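# Reading the structure
As a plain string of letters, each chain reads:
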There are 2 protein chains.
Amino acid sequence: MLRTHNCGELRKTDVKSSVILSGWAHKIRDKGKVIWIDIRDRYGITQLIFEEEFSGKNTFELAKKCGREYVIKIQGEVSERLSKNPNMDTGDIEIKVFEIKYLNKSDIPPFTIEDETDGGEDLRMKYRYLDLRRSPLQKNIKLRHSLMQETRNYLNSKKFLEIETPVLIKSTPEGARDFVVPSRMNLGEFYALPQSPQTFKQLLMVSGFDKYYQLVKCFRDEDLRADRQPEFTQIDCEMSFVDREDVLENFGGLITYLFKKILEKDLGEIPIIEYNDSIKYYGSDKPDLRFGMKFHDITSIVQGKGFKVFDDSQVVLSINVKGCSNYSRKQIDELTEFVKTPQIGSKGLVYIKNNEDGTLKSSVDKFYSSEDLKVISNENNSNPSDLILILAGEKKQTFSAMSSLRLLMGDKLNLRDPEIFNPVWVVNFPLVSWDEESKRYHAMHHPFTSPIEDDIDLINSSPEKVRANAYDLVINGVEIGGGSIRIHDRVLQEKVFEILGFTKEEANNQFGFLLNAFKYGTPPHGGIAFGFDRLCALFGGKESIRDFIAFPKNTSGRDVMINSPSQIDNDQLKELGL
Amino acid sequence: MLRTHNCGELRKTDVKSSVILSGWAHKIRDKGKVIWIDIRDRYGITQLIFEEEFSGKNTFELAKKCGREYVIKIQGEVSERLSKNPNMDTGDIEIKVFEIKYLNKSDIPPFTIEDETDGGEDLRMKYRYLDLRRSPLQKNIKLRHSLMQETRNYLNSKKFLEIETPVLIKSTPEGARDFVVPSRMNLGEFYALPQSPQTFKQLLMVSGFDKYYQLVKCFRDEDLRADRQPEFTQIDCEMSFVDREDVLENFGGLITYLFKKILEKDLGEIPIIEYNDSIKYYGSDKPDLRFGMKFHDITSIVQGKGFKVFDDSQVVLSINVKGCSNYSRKQIDELTEFVKTPQIGSKGLVYIKNNEDGTLKSSVDKFYSSEDLKVISNENNSNPSDLILILAGEKKQTFSAMSSLRLLMGDKLNLRDPEIFNPVWVVNFPLVSWDEESKRYHAMHHPFTSPIEDDIDLINSSPEKVRANAYDLVINGVEIGGGSIRIHDRVLQEKVFEILGFTKEEANNQFGFLLNAFKYGTPPHGGIAFGFDRLCALFGGKESIRDFIAFPKNTSGRDVMINSPSQIDNDQLKELGL
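A brief structural summary. (Residues numbered from 1 in each chain as written. Chains lettered and ligands numbered in written order. Predicted model: local features only at pLDDT ≥ 70, side-chain atom pairs only at ≥ 80, totals over all residues. Heavy atoms only, no water.)

## Quick look at the side chain of B:Arg558
Applied cut-off: In this description a helix means any DSSP run of H or I spanning at least four residues, a strand means any run of E spanning at least two, and both kinds are numbered starting from the N terminus. Distance and chemistry together define a polar contact, namely a pair of N or O atoms within 3.5 Å, with one atom able to donate a hydrogen and the other to accept it when in protein, and with adjacent residues in sequence counting only for side-chain atoms on both sides.
Residue position: B:Arg558 is located in the loop between helix H16 (532-540) and helix H17 (570-575). Side-chain polar atoms of B:Arg558 contact the backbone oxygen of B:Pro565, separated by 2.5 Å.

Okay, structure coming up:
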């Protein structure tokens with residue numbers, strides 16, 4: 001037998017018990033006549049004590065020679081510690097060791113197995129199996145496990161069925177690039193790995209499974225940004241005989257349940273915001289609602305007063321920053337530098353200080369009377385000691401720039417507390433957007449998203465004005481899930497394909513099976529998918545998803561640990577006709 | 001709102017309630033002044049009744065025009081049926097319908113949506129989404145869901161962590177063919193899809209996760225036999241600090257738990273049989289233990305009596321078939337034909353009838369005295385009215401042939417009751433077997449399997465005699481899982497690679513990361529993997545796994561519904577450098 005207990009479970013009540021433990025030598029303190037070794041496993045750490053008197057010469061010698069990360073098995077007796085450690089679950093006891101066996105030795109690890117390690121990113125990726133021994137990563141992977149189980153518990157309780165969809169499917173040019181898999185049995189033909197099980201889950205609704213979910217790997221062959229992975233996990237769901245409210249209730253419920261179960265936090269009722277309002281007030285479809293600082297459109301107020309910069313702008317936006325009227329010249333300059341960086345792209349920043357004494361002082365006093373400033377101040381509900389920040393320019397750029405400035409001010413004022421979670425449903429996205437490059441409309445969500453019924457008459461004349469029955473769940477400015485009520489009518493689906501520039505032949509070639517299925521009694525249905533890696537990071541209070549994935553790839557899509565991708569045999573290539 | 005209830009939940013206690021149901025028009029009976037429609041969803045079937053008097057003219061007309069598989073929404077009142085149907089959960093009630101709406105029409109389906117359908121295999125695969133509407137397939141998919149959840153419930157309760165391993169990994173020539181995925185970002189290089197997460201789960205043990213599992217898709221690019229799928233699902237598990245008994249207890253426990261929970265069957269203690277004994281007594285490493293009929297090796301008894309066929313044979317085997325001494329000439333001839341088919345390959349069949357009166361009569365009376373026959377009969381523990389069947393020939397072929405004959409006799413005597421489940425652990429497989437074609441040893445299990453400690457000295461001199469610390473779980477002659485205690489010592493792992501014909505360079509190139517990991521304190525570990533599709537079929541009482549997979553591929557590896565694999569764009573090929 002390799003252990004009677006794990007390294008995290010012995011307590012004062014176990015004193016005098018004879019035990020066997022196995023684990024890693026975590027820390028070793030050799031005080032000459034006494035040696036302490038902390039033995040570690042997934043469940044915790046237990047202190048071992050060796051003295052020649054009770055350990056015997058042999059065991060004591062082996063303890064002396066034991067190195068860090070050796071795998072050891074010990075037999076001994078639980079005894080109460082003289083100096084207890086209240087920070088450890090096992091801190092009341094230690095084990096008097098009578099026998100030790102090396103189950104395996106260890107070279108000195110390339111970095112320390114500690115919460116704060118000395119290993120750089122590249123080294124830790126190469127030795128991922130050692131990095132995963134560190135307590136922060138162990139915690140992340142356990143959190144991920146718990147999130148998976150609780151997600152299933154909730155969905156099972158709502159009668160959802162977990163159904164696996166295929167991984168070897170068919171390539172579709174719509175959306176991101178597919179990974180493809182050459183077929184040996186059908187030379188010259190390829191499978192594709194799914195970017196999402198979208199069409200399959202819709203077919204499951206056609207089959208009458210009513211409520212489906214899956215925690216499923218999806219794949220995108222994209223040029224990776226810092227926080228993208230070529231393979232990622234989704235909580236993928238679909239329901240029949242539902243409208244938008246049913247979906248929001250069900251999956252708002254899921255997220256609320258997870259926050260309660262895992263973090264013991266009450267999310268409360270999740271508000272809903274229209275896409276148009278989200279852009280209007282926050283300049284983004286992923287608004288961080290932990291704080292207000294809404295945009296005010298002051299274009300009509302400020303134009304026509306002789307200030308050419310504003311007069312030539314498509315839009316002039318302002319935000320009111322509470323309690324910052326005392327910002328120094330240097331602080332204002334820093335903000336100006338920020339909005340002028342190429343990523344933000346504004347030409348400059350205008351401010352109005354609402355001084356503590358109620359007077360108003362702006363950087364454009366030359367053009368605006370104190371009466372004018374008063375009107376702007378009122379429009380912004382500004383109070384004494386507040387600071388109004390103003391950006392102007394081309395519409396899209398200015399909204400986006402103001403969004404960045406708002407988030408920056410939120411950071412500066414500590415309004416973005418990582419312990420607070422403010423979810424919001426963003427709804428009624430545009431159905432399509434015009435793409436200048438390809439000179440055609442692209443689906444904002446995907447081609448299967450239903451238009452809002454009221455807008456269907458616009459579909460031929462002004463498709464860009466049609467709102468989609470789509471919704472995103474955004475928490476603290478991060479999109480964690482999105483979905484839509486789907487089209488379930490063949491004629492409407494064909495029309496949407498047409499608007500998206502598919503010829504009849506292309507539509508049939510790629511999605512004929514779905515259009516066909518729509519002939520045989522397809523129920524109204526809708527669903528959602530959550531980015532599971534992102535959700536784990538959110539719950540773990542971290543920005544990067546990588547440390548919530550056991551074996552992630554780097555930004556070049558490589559697994560540097562196993563060295564993949566790699567070259568394959570010529571025989572293999574030949575068999576595949578490549 | 002699209003429904004207040006589902007189609008399976010209304011009872012007598014709901015009479016007088018006003019309800020809304022949505023579902024499919026399953027059956028329609030139009031009796032002129034009364035129309036009944038059975039409305040169906042995943043949860044059940046409810047009878048609707050329409051009469052012009054209470055339904056109104058409009059609704060009645062729509063009911064008249066409603067076709068099979070139309071998706072309808074109805075509003076009405078629950079009323080008690082005059083003639084109840086005890087075979088339906090909702091058989092006490094029907095709905096007086098006041099309003100009906102077609103949510104979607106349906107063409108006439110290409111085959112009937114009934115338990116026994118008129119659709120052929122090809123048609124049903126093409127319209128899989130319609131085939132999945134049929135009740136037997138709905139049941140299978142729900143069973144699969146339950147098995148997934150209960151598997152996790154059990155493993156979670158034992159502190160296993162569900163951890164995802166990557167799908168885009170590295171090709172290894174060992175074992176079956178890999179599916180490969182060309183990398184666009186690393187031209188000329190390929191990922192491979194995993195045949196199993198073997199090395200990753202071992203690395204998770206190196207990382208100290210202690211107990212891991214995953215329900216995971218695996219991939220094999222093999223020429224498909226009738227019941228193989230290019231992608232399949234495994235219950236994949238690994239544990240640290242365990243010996244064989246720990247693993248068998250844990251996972252025997254899993255299977256016992258599943259049988260109890262899902263089928264309400266007590267498996268009892270799972271017996272263990274040595275691989276050598278399994279071959280000796282049943283001619284197979286997948287013995288069907290629902291019945292005895294063990295082999296008896298009568299070579300030494302029957303040789304040297306002048307019967308050349310036996311004298312020239314490597315082995316002579318017999319089985320005793322209870323109560324079949326009255327087999328007719330014709331019946332014996334049929335058995336003879338069976339063993340002489342090319343798949344079985346025996347030259348003939350010898351029998352000894354143990355007549356009801358205790359006399360013995362054989363087909364080789366010319367060579368054997370009644371004393372000789374008596375000895376054979378005793379060896380077989382044969383009683384009056386039994387039939388002894390004898391095969392002789394080359395060793396391997398004869399054991400295999402006798403195994404087939406034993407199973408056939410089991411079938412004939414109805415000893416293979418699909419309601420009875422007899423599990424057995426087959427243990428101590430050979431570590432390696434000699435492959436004549438490639439002139440080298442192949443791993444029986446895989447290269448990471450540990451030899452039995454007692455046999456390690458034989459590893460250089462007679463590797464084929466070394467037993468592996470491996471185990472298979474076999475139920476009713478079907479292998480449903482297999483695993484082993486793994487090697488955790490770098491030197492031993494290198495030795496096994498060497499025996500398997502890897503050069504040092506090849507071993508390092510393919511498995512360097514694992515050999516490297518073994519340097520840093522790898523714990524003793526072992527695990528198992530269950531074929532989940534096969535397990536579902538076993539629980540569903542069926543032979544074929546295909547109807548337990550939502551969207552399976554056919555025997556050419558094609559998904560005929562979506563038409564995959566298929567050709568891809570030239571642009572796509574170019575980008576991939578193909």
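Additional details are given in the paragraphs that follow.
## With respect to helix H4 (residues 135-157) of chain B
Helical periodicity: at 3.6 residues per turn, an α-helix aligns residues three or four positions apart in one direction. Keep this limit in mind: What a helix is expected to span follows from its residue count: subtract one and scale by 1.5 Å.
An ideal rise of 1.5 Å per residue puts 33 Å on 23 residues; H4(B) measures up with 33 Å between its terminal C-alpha atoms. Just past H4(B), the residue B:Lys159 takes up positive phi, approximately 70°.

## Quick notes on the sheet that holds strand S13 (residues 315-321) of chain A
All names here are of chain A. Condition: Two strands make a pair as long as DSSP finds a minimum of two bridges between them. Contacts are assigned to residue pairs with any non-hydrogen atoms lying within 4.5 Å of each other. A fitted line through C-alpha atoms serves as each axis, taken over the contacting stretch for helices, and the angle formed by two N-to-C directions is quoted from 0 to 180°.
Strand order in the open sheet formed by 5 strands is S12-S13-S16-S14-S15, with antiparallel pairing between adjacent strands. The strands lining the two open edges of the sheet, one partner per strand, are strand S12 (296-297) and strand S15 (360-362). Here 4 bridges tie strand S14 (residues 350-354) to strand S16 (residues 387-393), and the two strands are oriented antiparallel to one another. Of the residues in S16, the one forming a bridge with Ile352 is Ile388. Along the sheet, helix H11 (residues 370-379) makes contact with S12, S14, S15 and S16, crossing S15 at roughly 100°.

## Remarks on the relation of the copies chain A and chain B
Put simply, the test is: Only residues with pLDDT of at least 70 in both copies count here: their C-alpha atoms drive the least-squares fit that superposes the copies.
With an axial shift of 0.0 Å and an RMSD of 0.1 Å, the rotation relating chain A to chain B amounts to 180°. Interpreted geometrically, this transformation is the action of a two-fold axis. For chain A, the residue whose C-alpha comes nearest the rotation axis is A:Val181, separated from it by 2.5 Å.

## A few points about the interface of chain A and chain B
Selection criterion: Two parts placed together each lose some accessible area; with a 1.4 Å probe, that loss summed over both constitutes the buried area. A pairing counts as a salt bridge when a side-chain nitrogen of Lys or Arg comes within 4 Å of a carboxyl oxygen of Asp or Glu.
Of the residues lining the interface, 116 residues belong to chain A; the matching set on chain B comes to 116 residues. Both sides of the chain A and chain B interface together cover about 10,300 Å² of buried area, and 58% of this is carbon and sulfur. When the buried area of chain A at its contact with chain B is split by residue, A:Glu164, A:Phe241 and A:Tyr520 rank highest and sum to 8% of it. Inspection of the region where chain A meets chain B yields 14 salt bridges. Across the salt bridge formed by A:Arg152 and B:Glu162, the nearest N and O atoms sit 3.0 Å from each other. Counting every contact that joins chain A to chain B gives 70 residue pairs in polar contact (both at pLDDT 80 or more). Of all the elements, helix H4 (residues 135-157) of chain A adds the most residues to the side of chain A that touches chain B, at 9 residues.

## Observations concerning the sheet that holds strand S6 (residues 161-162) of chain B
In a beta sheet, neighbouring strands pair by backbone hydrogen bonds and run either parallel or antiparallel. All names here are of chain B. Across the sheet, 8 strands lie side by side as S6-S9-S10-S22-S21-S20-S17-S11; this open sheet has mixed pairing. Edge strands, defined here as strands with exactly one partner in the open sheet, are S6 and strand S11 (272-274). Bridge analysis of strand S9 (residues 211-219) against strand S10 (residues 231-240) gives 9 bridges, and the strand direction is antiparallel. Bridge pairing in S10 links Tyr212 to Glu238.

## What about the pattern of salt bridges?
Selection rule: Exposed residues in this analysis have more than 50% of their type's maximum accessible area, buried residues have under 20%, and partly exposed residues fall in between, with area computed by a 1.4 Å probe over protein chains only.
Across all of its chains, the model carries 88 salt bridges over all chains by this definition. Close ionic contact of A:Arg128 with A:Asp131 constitutes a salt bridge, the shortest N to O distance being 3.8 Å. With A:Arg128 and A:Asp131 both in helix H3 (residues 128-131), this residue pair falls 3 residues apart, about one helical turn. Here A:Arg128 matches A:Asp131 in class, with each residue buried. Where B:Glu238 meets B:Arg486, a salt bridge forms, and the shortest distance between an N and an O atom there is 2.8 Å. Taken together, the positions of B:Glu238 in strand S10 and B:Arg486 in the loop between strand S21 (478-485) and helix H14 (490-499) put the pair 248 residues apart, joining distant regions of the chain. Exposure class is identical for B:Glu238 and B:Arg486. Each is buried. Put simply, A:Glu121, A:Arg124, A:Arg128, A:Asp131, A:Arg134, A:Arg546 and A:Asp547 are held in one network by salt bridges that share partners.

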